[in-house]
Amino acid sequence: DNSPPTTSPTSAKPTVPAAVCVKASVKFMAGSSVPMVEIDYDYPGSDPLPSDWVGLYPCDTEMPPRVEPTLWAYTCYSRVCRRDPVENAIGNGSFIFDDATLASYSTTGTSLTLQEIVTTQPGCYYVLLNRIDGDSAPPYYNICEGNEIELLPGDGPPINPTPAPV
């Protein structure tokens with residue numbers, strides 16, 4: 001084959017950034033100084049388990065965290081589902097961290113309520129989707145890292161703001 005060498009670059013497959021499988025967004029009820037944190041998770045390809053959980057950590061926490069999260073909940077949120085049958089685990093869904101609905105298991109030990117966070121430790125937090133691997137002590141097996149949020153007190157915007165008239 002005597003054809004000249006091609007000068008066009010060979011196209012390598014584009015690198016696709018890893019999908020964010022957990023996302024947090026801060027919401028306020030009208031007139032409330034305590035935020036709620038909506039959590040959306042989507043990781044069906046990572047073999048979800050009933051014991052998987054979401055934790056909020058101060059942004060200055062070293063990765064992977066070797067400390068307990070400031071606030072956490074199982075992906076089922078409202079109860080201890082860690083011993084549920086594996087086939088019951090779903091890899092996508094959402095819940096809202098809200099002081100009015102926090103499950104009793106998530107307010108024990110070192111965990112704080114959102115009211116306590118914005119009063120005593122306001123600031124930047126990041127969300128992690130974690131898996132308990134072996135005993136229930138950190139560091140945990142990290143399924144994926146989510147985004148950063150600001151947990152601050154305030155008269156935040158209402159959850160469903162009314163559009164301004166044009």
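Residues numbered from 1 in each chain as written. Predicted model: local features only at pLDDT ≥ 70, side-chain atom pairs only at ≥ 80, totals over all residues. Heavy atoms only, no water.

**Observations concerning the environment of threonine 120**
Piece 1. Along the polypeptide, threonine 120 turns up in helix H1 (residues 114-120).
Piece 2. On the accessibility criterion, threonine 120 (55% relative accessible area) is exposed.
Piece 3. There is a polar contact of 2.6 Å between the side chain of threonine 120 and the backbone oxygen of glutamate 116. (Helix = DSSP H or I, 4+ residues; strand = E, 2+ residues; numbered from the N terminus. Buried < 20%, exposed > 50% of the residue type's maximum accessible area, 1.4 Å probe, protein only. Polar contact = N/O pair within 3.5 Å; in protein donor to acceptor, adjacent residues only side chain to side chain.)

**A look at the pairing of strand S3 (residues 53-58)**
Piece 1. Of all six residues in S3, five are buried; the element is thus mostly enclosed.
Piece 2. Relative to strand S4 (residues 71-74), S3 runs antiparallel, the two being bridged by four bridges. Looking at the pairing, valine 54 lines up with alanine 73 of S4. (Pairing = 2+ DSSP bridges.)

**Some words on the nonpolar core**
Piece 1. Core analysis: the biggest nonpolar cluster contains 38 residues, and Val37, Ile39, Leu56, Phe97 and Leu151 have the highest contact counts within it.
Piece 2. Of all the secondary structure elements, the ones that give two or more residues to this core are strand S1 (22-27), strand S2 (36-42), S3, S4, strand S5 (92-97), H1, strand S6 (123-131) and strand S7 (141-151).
Piece 3. Examining the composition of this core, we find that five residues originate from one element, S6, more than from any other.
Piece 4. Apart from the residues lying within four places of it in its own chain, the contact partners of leucine 56 are Val37, Pro69, Thr70, Leu71, Phe97, Tyr125, Tyr126, Val127, Ile149 and Leu151. (Core = buried A, V, L, I, M, F, W, Y, C linked by side-chain atoms within 4.5 Å. Contact = heavy atoms within 4.5 Å.)

**Here's the deal with the pattern of salt bridges**
Once the charged atoms of two side chains with opposite charge are near each other, the side chains can pair.
Piece 1. In the structure shown here, the tally under the stated rule is three salt bridges.
Piece 2. Close ionic contact of glutamate 38 with lysine 27 constitutes a salt bridge, the shortest N to O distance being 3.4 Å. Pair noted here: glutamate 38 is in strand S2 and lysine 27 is in strand S1, with a separation of 11 residues, a long-range link.
Piece 3. Looking at lysine 27, the relative accessible area reads 26%, which means it is partly exposed.
Piece 4. For aspartate 52, the salt bridge goes to arginine 131, with nearest N and O atoms at 2.7 Å. Placement of the pair is aspartate 52 in the loop between S2 and S3 and arginine 131 in strand S6, with a sequence separation of 79 residues. One exposure class covers both aspartate 52 and arginine 131, and it is buried. (Salt bridge = Lys/Arg side-chain N within 4 Å of Asp/Glu carboxyl O.)

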